[in-house]
Amino acid sequence: MGRFRRKESSHETTPGKDDHTQPMLESLDNPIWSALTTEHRLLARSHGLARRYPPDISPLAALLHPTNDAFADLQGLVSPGEQVALFTASPLEVPGDWQVDRSRWIDQMICEASLAPPPVVPLPLGTTDVPEMLELTAATEPGPFLPQTIQMGSYFGIRANDGRLVAMAGERLRSTAVTEISAVCTHPEFRGRGYARDLTTFLAAQILASGKTPFLHVKSENGAKVVYQKSGFRLRAAICLTVISQAILRRKTRAR
């Protein structure tokens, strides 16, 4: 596991908004756990101090606190060789019976005021659109999108004149105070038309209208970060993305 370089957090509070800000900050520091114990509790697979989504929905998992007991509970939810991903406010100290397959800082951004609505109103996407959504995400790789990911929230898309789905975005982690925007992607042939910004702005407005705060995660070097800033998002904090799997223990055998 490589060393993390701690980024400065940009946690902020606004006078007069303390009642809303505190639960929001708490949920964003451990966003997967917050989702799986509130809005997504019916999707959760649970064992003691650990939670995860079903494998055909998402590889995301969470711990109440990153203790050895919690990691032991997570073992009961993860198959040998299977990878799960965790979002945490600090780097994880992983016990020896787990291995870190990937780890890095990513940027967590929030939006507290929506911009003007986009000129194009995106179309709602449903289960019958999933094959096209899988094809689009396979071509653009915005992050894990699986056959049942659509259960996590509302998804919207933009279609070309010939009916092809060429851009999409939707909701992923959802808890009491916040909703995450995810799977923002545009087919390479249709980039540069503002579709990603339109979709992000549209979803952010929908979430804000519901009384929640929109947030998202993005790699700091990803050019999409500029799009999100233009859609009204600002950096809140650095979050640790850690992908782990159960370690394969090799037993030494004596030569006969």
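Notes on the structure in this doc start here. (Residues numbered from 1 in each chain as written. Predicted model: local features only at pLDDT ≥ 70, side-chain atom pairs only at ≥ 80, totals over all residues. Heavy atoms only, no water.)

**Here we look at the pattern of salt bridges**
Argument step 1. Per the stated rule, a full pass over the model turns up 12 salt bridges.
Argument step 2. The residue E39 makes a salt bridge to K212 at a minimum N-O spacing of 3.4 Å. With E39 in the loop between α2 (31-36) and β1 (45-47) and K212 in the loop between α5 (195-209) and β10 (213-218), this residue pair connects regions lying 173 residues apart in the sequence.
Argument step 3. The partly exposed category is assigned to E39, whose relative accessible area is 38%.
Argument step 4. Between R159 and D129 there is a salt bridge, with the nearest N and O atoms lying 3.0 Å from each other. One end of the pair, R159, is in strand β7 (residues 155-159); the other, D129, is in the loop between β6 (123-125) and α4 (130-140), and 30 residues separate them in sequence.
Argument step 5. The exposure class assigned to R159 is partly exposed, which follows from its relative accessible area of 26%.
Argument step 6. For D129, a relative accessible area of 13% corresponds to the buried category.
Argument step 7. Several salt bridges share partner residues, and in doing so they unite D129, E132 and R159 into one network. (Salt bridge = Lys/Arg side-chain N within 4 Å of Asp/Glu carboxyl O. Helix = DSSP H or I, 4+ residues; strand = E, 2+ residues; numbered from the N terminus. Buried < 20%, exposed > 50% of the residue type's maximum accessible area, 1.4 Å probe, protein only.)

**A look at the environment of V84**
Argument step 1. Assignment of secondary structure puts V84 in strand β4 (residues 84-88).
Argument step 2. Judged by relative accessible area, V84 falls into the buried class, the value being 1%.
Argument step 3. Through-space distance from the C-alpha of V84 to that of A61 is 6.1 Å; in sequence the pair is 23 residues apart.

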